[in-house]
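# A look at the structure
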Amino acid sequence: AQRVTQPEKLLSVFKGAPVELKCNYSYSGSPELFWYVQYSRQRLQLLLRHISRESIKGFTADLNKGETSFHLKKPFAQEEDSAMYYCALSPDSNYQLIWGAGTKLIIKP
Amino acid sequence: GAVVSQHPSRVICKSGTSVKIECRSLDFQATTMFWYRQFPKQSLMLMATSNEGSKATYEQGVEKDKFLINHASLTLSTLTVTSAHPEDSSFYICSARDLSTYNEQFFGPGTRLTVL
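Residues numbered from 1 in each chain as written. Chains lettered and ligands numbered in written order. Predicted model: local features only at pLDDT ≥ 70, side-chain atom pairs only at ≥ 80, totals over all residues. Heavy atoms only, no water.

### Focus on the pairing of strand E8 (residues 76-81) of chain B
All names here are of chain B. In terms of burial, E8 is a largely internal element, six of the six residues being buried. The alternating pattern of E8 places Leu76, Thr78 and Thr80 and Ser77, Leu79 and Val81 on opposite faces, both of which are buried. Across six bridges, strand E3 (residues 19-25) lies against E8 in antiparallel orientation. Among the inter-strand pairings, Ile21 is bridged to a residue of E8, identified as Leu79. Pairing of strand E7 (residues 67-73) with E8 involves five bridges; the strand directions are antiparallel. Residue pairing in the sheet places Ser73 in a bridge with Leu76 of E8. From the end of E7 to the start of E8, which pair antiparallel, there are two residues. (Buried < 20%, exposed > 50% of the residue type's maximum accessible area, 1.4 Å probe, protein only. Helix = DSSP H or I, 4+ residues; strand = E, 2+ residues; numbered from the N terminus. Pairing = 2+ DSSP bridges.)

### Some words on the packing of aromatic side chains
Inspection of every chain in the model, using the stated rule, returns 10 aromatic pairs over all chains. Taking 5.4 Å as the distance between ring centres and 80° as the angle between the ring planes, the aromatic pair formed by Tyr36 of chain A and Phe107 of chain B counts as edge-to-face. One end of the pair, Tyr36 of chain A, is in strand E5 (residues 32-38); the other, Phe107 of chain B, is in strand E10 (residues 104-107), on a second chain. Phe107 of chain B shares its class with Tyr36 of chain A; the two are buried. Where Phe67 of chain B meets Tyr92 of chain B, the ring centres are 6.3 Å apart and the plane angle is 45°; that geometry is what we call tilted. Residue Phe67 of chain B is located in strand E7, and its partner Tyr92 of chain B is located in strand E9 (residues 90-98); the two are separated by 25 residues in the primary sequence. Overall, Tyr92 of chain B belongs to the buried group, its relative accessible area being 0%. Following the ring pairs from residue to residue traces out a cluster consisting of Phe34, Tyr36, Tyr86 and Trp99 of chain A together with Tyr36 and Phe107 of chain B. When the ring centre of Phe14 of chain A is taken as reference, the NZ or CZ atom of Lys108 of chain A above it lies at 4.2 Å. (Phe/Tyr/Trp six-rings, centres within 6.5 Å; stacked < 30°, edge-to-face > 60°. Lys NZ or Arg CZ within 6 Å of the ring centre and 35° of its normal.)

Written as structure tokens, this is what we have:
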């Protein structure tokens, strides 16, 4: 079955500390993976996608097909990174998204 | 970036009435739009995929006669919650797919529906 798992509902780290938000997926084919972010009182927006191989706002994510993971990382967290983060998988050409449960990231000053 | 609007942002209605929610892509054409439902402190649940000019594809467990979707133009999709009941109270979010940006989905701000 197609599934996206974000094991942490809440992650709290201090400003300046490294951050890693975990995402594992279950899919037999070659998926396209995304990280979406929702800041307080704002709409969901795309943070990054694995095919772009970009670093957005200091965040990176590498697709590890062997471990079926797509963890989101940032070396030095900033207070403005506090938000809800969702990992999502697109299994087909219709680009429906299968969502993880989300991780709430809190950056403490 | 591309903008998606939803109207209304908040609606309160009586049980048994119908409510229509509009989703518009403001500066791009969206052949595909998606409707989601989000319960408090939970992730998004895809309800249906709306394709311009054709019938929507509903996810398992979503009643198509209760949640009517119309995608009559490349910039507008509507979700009508028919004969609403209190259990339909939720946050409804739409997204639109932009072919010009590698199929990125852009999200609307959501509509908070409260059924009394």
